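Residue-level listing of the chains:
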Amino acid sequence: MRDPYEVLGVQRSASAADVKKAYRKLAKKLHPDANKKDPKAADKFAELNSAHEIVGDEDKRKAFDRGEIDGDGKPRFQGFEGFRGRPGAGGPDFGRDGFESYTWGPEGVRRTGPRGGTAGAAPGGPGGGRFEDILSSMFGFGGGPGARGGAAFEAEDIGSAARGQDISAAMAITLNEAAHGGARRVGLPNGKDLEVKIPPGVTDGQQIRLKGQGMPSPGGGPPGDVLIAVSIAPHPLFKVEGQNLRLELPVTLYEAVLGAKVRVPTLDGAVELAIPANTSGGRTFRLKGKGLPGKSGAGDLFVTVKIVLPDGKDAELEELMKKWRDTKPYDPRSGMG
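Conventions used here
Residues numbered from 1 in each chain as written. Predicted model: local features only at pLDDT ≥ 70, side-chain atom pairs only at ≥ 80, totals over all residues. Heavy atoms only, no water. Axes fitted to C-alpha atoms, helices over the stretch in contact; angles between N-to-C directions. Helix = DSSP H or I, 4+ residues; strand = E, 2+ residues; numbered from the N terminus. Parallel < 35°, antiparallel > 145°, perpendicular 65-115°, else oblique. Contact = heavy atoms within 4.5 Å. Nonpolar A, V, L, I, M, F, W, Y, C, P; charged D, E, K, R; others polar. Patch = residues over 30% accessible without salt bridge, like charges linked within 9 Å, V, L, I, M, F, W, Y side chains within 5 Å. Areas by Shrake-Rupley, 256 points an atom, 1.4 Å probe, with all protein chains shown as cover. Salt bridge = Lys/Arg side-chain N within 4 Å of Asp/Glu carboxyl O. Lys, Arg positive; Asp, Glu negative; His and termini not counted. Charge placed at Lys NZ, Arg CZ, Asp CG, Glu CD. Buried < 20%, exposed > 50% of the residue type's maximum accessible area, 1.4 Å probe, protein only. Pairing = 2+ DSSP bridges. Phe/Tyr/Trp six-rings, centres within 6.5 Å; stacked < 30°, edge-to-face > 60°. Lys NZ or Arg CZ within 6 Å of the ring centre and 35° of its normal.

On to the packing of helix H3 (residues 41-55) against helix H4 (residues 58-65). In the contact formed by H3 and H4, the axes pass within 6 Å of each other and the chain directions differ by 90°. In terms of their interaxial angle, H3 and H4 are classed as roughly perpendicular. Packed against H3, whose contacting residues are Glu53, Ile54 and Val55, the element H4 presents Lys60, Arg61 and Phe64 at the interface. Residue composition of the contact of H3 with H4, grouped by class: three nonpolar, no polar and three charged.

So, in C-alpha cells, the structure goes:
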C-alpha cells in the first residue's frame, strides 16, 4: 500500500482534526456509490479506509512514524536483537567497518574480523565452539544437549509461520440497517462472497473485522482477516451527526401561529410532536433516544421547524399580510447591523 499520509493527502504534521476532515472529504468523493462506472472504486475506497485506520489511530500513527509498522499495519522487520556486539558480550560485532565471518576448520569455528584478520576461536570449548553455540549467541537459539546439530536449521526453529494477508473491502448500508442491524453479502477482491452481519449501532466509517476470512498463509500459519469499511448511504429525511439525527420538519403557517400536534417520522416509526403557538421557523426540538444506538445509549433526534407557505398566490393571504404589515410591523433582523 502507498504511504497512508499520501493516500489521505495530508502532511505528517497534520492534526487529528485535519486528518479526520481530509478522510471525510475523500470518503464522499471516492465512495463506490458515487463512482459506479469506475471498476477500481472499491479498491480506492478500501485503500482510503486502510490509510485512515493507521493515521486516524493515535497509537498506530506513532508506530508507523517510528517505522514499527508499514502502511498495512503489519510489523516491519527490525533486525535480530544482539547483532551489534557489546564489549564483553561475546557476540559478533557487525560494525560500520564491515562484517565478521565464521569459518569451520580442524580447530573448530574461527571468527574472522572485518578486515580479514582472525579474531580467535569462538567461545564454547576447546578449539572453538559448536556451530549451534554460535547461532545461540547470535539469535538466541538453544544450543544445549538435545539441540539440533550441524549447520542446517528449519523454519520452525526461528518462529511460527507468518499469518496470511488481510483483505480490505467496502460496504454501503442503509441508515435503517445502521440502527437495527442486518446482513449483507459482500464480494471480496479475491472473488469470494461473504455474508456479513451488521451490528446495530455501526457508524459511518467504522471497520468490521472478520477474523480468519482473509488470504491463507503460504507458510501454513493462520489466515489473515477481512477488513470491511462501512459507509452509511444518505437518507432522504435524516442527516447523521455521530449518534444523533437531524430532521427538517415542514409546518404550515397556521400551525406555526396557532400551534398544533404533528406527526414526526423516526427510525422506529412516527411519533406525535406538540408545536407551541407562535413557533418561528428554525426552532429546534429534541426527541431523546430517537437517534442511533450506541454503547452509552441511543442518540437523540433534533427536529427543526420549517414554515412552508401554500403553493400559488393567495389573494386573501396577501391582503391579510398587507394589513398586518401596515398595522403591526416588526423587524426580526434588528440588532444585526
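Alright, that's what it looks like, and here's the rest.
What follows deals with a positive patch on the surface. Taken together, Lys20, Arg24, Lys28 and Lys239 make up a surface patch of like positive charges. Considering every element that reaches the positive patch, the biggest residue donor is helix H2 (residues 16-30), with three residues. As for its position among the elements, Arg24 is in helix H2. According to the relative accessible area criterion, Arg24 is exposed, its value standing at 51%.

This part is about the side chain of Ser217. Topologically, Ser217 is positioned in the loop between strand E7 (207-210) and strand E8 (226-232). Judged by its relative accessible area of 12%, Ser217 is buried. With residues up to four places along the chain from it excluded, the contact list for Ser217 reads Ala161, Ala162, Arg163, Gly164, Pro222 and Pro223.

Read from one edge of the open sheet, three strands run E4-E8-E7, paired in mixed fashion. Among the strands making up the open sheet, the edge pair consists of strand E4 (167-173) and E7. Geometrically, the sheet is characterised by an average inter-axis angle of 25° between neighbouring strands, direction not taken into account. Direction of pairing for E7 relative to E8: antiparallel, over a ladder of four bridges. In the strand pairing of E8, Ile208 is matched with Ile228.

Bringing the packing of aromatic side chains into the picture now. Counting across every chain of the model gives one aromatic pair. Considering the side-chain rings of Tyr5 and Phe64, the 6.0 Å spacing of their centres and the 45° angle between planes classify their relative orientation as tilted. Linking Tyr5 in helix H1 (residues 4-8) with Phe64 in helix H4, this pair joins segments that are 59 residues apart in sequence. Residues Tyr5 and Phe64 agree in their burial class; the two are buried. Here Arg246 stacks its cationic end above the ring of Phe302, 4.8 Å away from the centre of that ring. Here the basic side chain of Lys328 rests over the ring of Trp324, its NZ or CZ set 5.0 Å away from the ring centre.

Of the two faces of strand E13 (residues 284-287), the one holding Phe285 and Leu287 is buried and the one holding Thr284 and Arg286 is not buried anywhere. Examined bridge by bridge, E13 and strand E14 (residues 301-308) share four bridges and lie antiparallel to one another. Its bridge partner lying in E14, Leu287 is registered against Leu301.

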